[in-house]
Amino acid sequence: MSAYPDVKFITSAYRPEQLLADRGLEVAVAGRSNSGKSSAINAIVGRKGLARTSKTPGRTQLINFFGLAPERRLVDLPGYGYARVAPPVRRHWQTLMEHYFSQRRSLRALLLIVDIRRGLTDFDWQMMDWAAAAQRPVAVLLTKADKLRRGPALDQRLRVRRSLDPEVPLILFSAVTRQGVDEARRKLNEWLELPQECAGNAGHE
Ligand SMILES: Nc1nc2c(ncn2[C@@H]2O[C@H](COP(=O)(O)OP(=O)(O)OP(=O)(O)O)[C@@H](O)[C@H]2O)c(=O)[nH]1
Ligand SMILES: [Mg+2]
């Protein structure tokens, strides 16, 4: 059962003019290609197969909008940091992201998805810089925590914690064991001004 009974995929955008109407509130989900963004979205909303997951990195070059409740959205941003991306594709990504972060009034916050084994990379810092420039809060999910034993996972969290602003929440997460899912959902509901026992309504955009 989904935490958001009326959750649905709304649309994808490739160009700024294809973005949904800038109304209500949305939280953007960003991360390297293959970091586990789509899996995290599916785990948080409790709907398998809502966001497409894949073993081939770099597939999702679109901004995907999901409606959680009326005028409340989760936005799956295109993955980055994939080595074989051609320069024009990378430039397109850069322009699209700059536009999105600088213009999007409904953007409430950024949820950054980071593979725990890799830690924060240059592109992750770039995303956090854009969020900071737009004065939007950030939370970091250290995902695929199930891939490390408990000790190394806690060590890695401490390492990332030390490099981050103390105000940025850092959540150990796994789409497989569901560790951190409730905590991430609470953050999302807080940002989107949804009740913590979210039960959406029908007929939203
Ligand atoms: N063990 C484990 N595997 C995960 C977890 N999250 C994602 N994966 C796997 O990692 C791979 C990539 O996951 P996706 O959710 O598609 O990653 P993504 O960031 O959306 O990838 P792109 O959209 O291609 O950039 C898939 O094979 C997932 O099954 C996790 O928490 N634990
Ligand atoms: Mg994806």
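Further up the page is the structure itself.
Residues numbered from 1 in each chain as written. Chains lettered and ligands numbered in written order. Predicted model: local features only at pLDDT ≥ 70, side-chain atom pairs only at ≥ 80, totals over all residues. Heavy atoms only, no water.

**Concerning the overall build of the protein chain**
Part 1: Scanning the protein chain from N- to C-terminus turns up five helices and seven strands.
Part 2: Shown N-terminal to C-terminal, the secondary structure of the protein chain runs as helices and strands in the order β-β-α-β-β-α-β-α-β-α-β-α.
Part 3: Here the protein chain has a C-alpha radius of gyration of 16 Å; the compact-globule value for 205 residues is 17 Å, and the two agree.
Part 4: Expressed as lengths along the three principal axes of its C-alpha atoms, the size of the protein chain is roughly 45 × 40 × 30 Å. (Helix = DSSP H or I, 4+ residues; strand = E, 2+ residues; numbered from the N terminus. Rg over C-alpha atoms; globule rule 2.2 N^0.38 Å.)

**Here we look at helix H3 (residues 122-133)**
Helical geometry note: an α-helix holds 3.6 residues per turn, so side chains three or four residues apart project in the same direction.
Part 1: Here H3 contains twelve residues, and its C-alpha end-to-end distance of 16 Å stays within 8% of the 16 Å for a straight helix at 1.5 Å per residue.
Part 2: Tucked inside the fold, the buried residues of H3 contact strand E2 (25-31), helix H2 (87-103), strand E5 (107-115) and strand E6 (138-143).
Part 3: Backbone geometry just downstream of H3 places glutamine 135 in the positive-phi region, at approximately 60 degrees. (Expected span 1.5 Å × (residues − 1). Contact = heavy atoms within 4.5 Å.)

**Concerning the nonpolar core**
Part 1: Counting residues in each nonpolar core, the largest one holds 35 residues, and the members touching the most others are Ile63, Leu77, Phe101, Leu112 and Met127.
Part 2: Counting only elements with at least two residues in this core, the list comes to E2, strand E3 (63-69), H2, E5, H3, E6, helix H4 (150-163) and strand E7 (170-172).
Part 3: For this core, the element with the most residues is H2, which contributes five residues.
Part 4: Listed in part, the 30 residues of the second largest apolar core include Leu25, Leu74, Ala109 and Leu194. (Core = buried A, V, L, I, M, F, W, Y, C linked by side-chain atoms within 4.5 Å. Buried < 20%, exposed > 50% of the residue type's maximum accessible area, 1.4 Å probe, protein only.)

**Considering unusual backbone geometry**
Glycine aside, residues mostly have negative phi angles, and peptide bonds mostly take the trans form.
Part 1: We note that glutamine 135 has phi near 60 degrees; this positive angle belongs to a residue other than glycine.
Part 2: Among the structural elements, glutamine 135 can be located in the loop between H3 and E6.
Part 3: Unlike most non-glycine residues, arginine 178 shows phi in positive territory, near 70 degrees.
Part 4: Positionally, arginine 178 belongs in the loop between E7 and helix H5 (181-192).

**Side note on the side chain of arginine 136**
Part 1: With respect to the helices and strands, arginine 136 occurs in the loop between H3 and E6.
Part 2: Polar contacts involving the side chain of arginine 136 include one to the main-chain carbonyl oxygen of arginine 104, which spans 2.9 Å.
Part 3: In this structure the side chain of arginine 136 is engaged in a polar contact, spanning 2.5 Å, whose partner is the backbone oxygen of alanine 134. (Polar contact = N/O pair within 3.5 Å; in protein donor to acceptor, adjacent residues only side chain to side chain.)

**As for the sheet that holds E6**
Part 1: Reading across from one edge, E1-E3-E4-E2-E5-E6-E7 is the order of the seven strands in this open sheet, with mixed pairing throughout. Looking along the sheet, the strands with just one partner apiece sit at the ends: strand E1 (8-13) and E7. Averaged over all pairs of adjacent strands, the angle between strand axes in this sheet comes to 25 degrees, irrespective of strand direction.
Part 2: Relative to strand E4 (residues 72-76), E3 runs antiparallel, the two sharing five bridges. Bridged to asparagine 64 within E4 is aspartate 76. (Pairing = 2+ DSSP bridges. Axes fitted to C-alpha atoms, helices over the stretch in contact; angles between N-to-C directions.)

**Quick look at the packing of aromatic side chains**
Part 1: As enumerated under the stated definition, the model contains seven aromatic pairs in all.
Part 2: On the numbers, 5.4 Å between centres and 50 degrees between planes, the contact of tyrosine 80 with tryptophan 93 is tilted. Here tyrosine 80, found in the loop between E4 and H2, pairs with tryptophan 93, found in helix H2; they are 13 residues apart in sequence, far enough to count as distant. Here tyrosine 80 matches tryptophan 93 in class, with each residue buried.
Part 3: With a centroid separation of 5.6 Å and an interplanar angle of 85 degrees, the aromatic rings of tyrosine 100 and phenylalanine 101 are classed as edge-to-face. Note on accessibility: tyrosine 100 and phenylalanine 101 belong to one class, buried.
Part 4: Three or more aromatic residues link up through ring pairs in this structure, and these residues are Tyr80, Trp93, Tyr100, Phe101, Phe123 and Trp130. (Phe/Tyr/Trp six-rings, centres within 6.5 Å; stacked < 30°, edge-to-face > 60°.)

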